[in-house]
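Residue-level structural notes
Each chain, written out:
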Amino acid sequence: MNRRYLLYAFGAVAIGSSLPLISWLRHRFTPVPEFEMLADPKGFRRIAGGEFSLAGNVFTGIGDNRKASLELPLDAVRKNICGSLFGQSNGNTNVVPIASFSDFYCPFCRVQTKRLGELERELDSKVRLTWHELPLLGDASLLAARAALAADRQNAYVQFQERLLSSPFRANDAYLAALSEAIGVNHEQLVSDMNSPEVAEQIRVSAALAKIFGFVGTPALVVGRTVIQGEVSDAVLRKLVELERSENWTDAC
């Protein structure tokens, strides 16, 4: 019996010590994706991703009425496509920006958001994440989007998403107070930012970007100059980051 446990122990140690090697081999032998250059916006390219949640009405909840909701800042976004995608850059072209588009009620988005957060922590100074919310699945999606972006203003976007993996989002004050305490953010600031014009404008800009890039659902990513609709594996993401760093992603900007 003791001999059997000893064999199990050696096996566990062997598997644990081989994990870095397995990760390296997976990255080493992941093929370079096949790219399709986009006619619009110019300078960007596309690869196919995996599964995604189909969109509802991309304009739901963005304005007070249908006419207002359709008035997206398309011209302004086109003139500053990379700023709209990735926010302010510090000018370091070795840092590859990743823009993530998600909807809280998209099951694939929850998984990918967590993996992106882990990737950012692991790669540290090599990537920089920007979070975009596309509340495609109705009013509940819109409320969750506002809360997620408000949490992001206190650097707690991933914590917000992870906290809600086990419970549905509710917009009442008691729930938001408990949520704020759980993820370590200021409750009053969270509520204020949720209802701010700035967060509303962020959602409008993200909707404009989705229209420009032709996203038909979530999740979606823009990694440097590479556009992806659907889920994507960590191995492919790492390969893309490597390519974008070596090929000067800023050419698209």
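Everything that follows concerns the structure shown earlier in this document.
Nothing here was measured: the structure is a model prediction, and the numbers come from that model.

Here's the deal with the packing of aromatic side chains
Under the defined criterion, the tally for this structure stands at eight aromatic pairs. With a centroid separation of 5.2 Å and an interplanar angle of 85 degrees, the aromatic rings of F44 and F213 are classed as edge-to-face. Taken as a pair, F44 in the loop between β1 (36-37) and β2 (45-48) and F213 in helix α10 (residues 197-213) lie far apart in primary sequence, 169 residues in all. Classification of F44 as buried rests on a relative accessible area of 0%. With a centroid separation of 5.9 Å and an interplanar angle of 90 degrees, the aromatic rings of F169 and Y175 are classed as edge-to-face. By the burial criterion, F169 is buried, and Y175 matches it. An aromatic cluster is present here, built from F44, F101, F213 and F215 joined pairwise through their rings. Across the ring face of F104, the terminal group of R110 is positioned such that the distance to the ring centre comes to 4.0 Å.

Quick notes on helix α11 (residues 234-247)
Between its first and last C-alpha, α11 extends 20 Å over 14 residues, near the 20 Å set by a 1.5 Å rise per residue. Those residues of α11 that sit buried are A235, V236, L237, R238, K239, L240, V241, L243 and E244. Once α11 finishes, N248 follows within two positions and takes phi at roughly 65 degrees, a positive value.

Looking at the environment of A151
Within the fold, A151 resides in helix α6 (residues 139-152). Put simply, A151 and M194 are 43 residues apart on the chain and 8.6 Å apart in space, counted from C-alpha to C-alpha. If near-sequence neighbours (up to four positions away) are discounted, A151 is found in contact with A156, Y157, F160, I183 and L190.

Considering the pattern of salt bridges
Oppositely charged side chains are able to pair whenever their charged atoms sit close together. Per the counting criterion, the structure on display carries eight salt bridges. Among the ionic pairs, R204 bridges to E201, the shortest N-O distance being 3.1 Å. Of the two residues, R204 and E201 both sit in helix α10, three residues apart, roughly one turn of that helix. In this structure E201 comes out as partly exposed when scored by relative accessible area, which is 33%. In this structure, R225 engages E244 in a salt bridge whose closest nitrogen and oxygen atoms are separated by 3.9 Å. In this pair, R225 is assigned in the loop between β7 (220-223) and β8 (226-229) and E244 in helix α11, connecting sequence segments 19 residues apart. Across the pair, exposure class does not vary: R225 and E244 are buried alike. Shared partners join several salt bridges into a network, and the residues in it are R45, R225, E244 and E247.

So, the state of the cysteines
In this structure the tally under the stated criterion is one disulfide. Two residues share a disulfide in this structure: C82 and C253, whose sulfurs sit 1.7 Å from each other. Because the torsion about its S-S bond is -80 degrees, the bridge between C82 and C253 counts as left-handed. One end of the pair, C82, is in helix α4 (residues 81-86); the other, C253, is in the segment after α11, and 171 residues separate them in sequence. Residue class for C82 comes out buried when judged on its relative accessible area of 12%. Residue classification places C253 among the exposed residues on the basis of a relative accessible area of 53%.

Side note on the sheet that holds β7
Consider a sheet: its strands pair through backbone hydrogen bonds, and that pairing is either parallel or antiparallel. Taking strand neighbours across the sheet as the criterion, the six strands line up as β1-β2-β8-β7-β4-β5 in an open arrangement whose pairing is mixed. Every other strand in the sheet has two partners, leaving β1 and β5 (127-133) as the edge strands with one partner each. Where β1 meets β2, two bridges bridge the pair, whose relative direction is antiparallel. From the neighbouring strand, M37 faces β2, where its bridge partner is R45. Sheet strands touched by helix α5 (residues 107-123): β4 (96-102), β5 and β7. Its angle to β5, the strand with the most contacts, is close to 155 degrees.

The rules we used
Residues numbered from 1 in each chain as written. Predicted model: local features only at pLDDT ≥ 70, side-chain atom pairs only at ≥ 80, totals over all residues. Heavy atoms only, no water. Phe/Tyr/Trp six-rings, centres within 6.5 Å; stacked < 30°, edge-to-face > 60°. Helix = DSSP H or I, 4+ residues; strand = E, 2+ residues; numbered from the N terminus. Buried < 20%, exposed > 50% of the residue type's maximum accessible area, 1.4 Å probe, protein only. Lys NZ or Arg CZ within 6 Å of the ring centre and 35° of its normal. Expected span 1.5 Å × (residues − 1). Contact = heavy atoms within 4.5 Å. Salt bridge = Lys/Arg side-chain N within 4 Å of Asp/Glu carboxyl O. Disulfide = S-S within 2.5 Å. Pairing = 2+ DSSP bridges. Axes fitted to C-alpha atoms, helices over the stretch in contact; angles between N-to-C directions.

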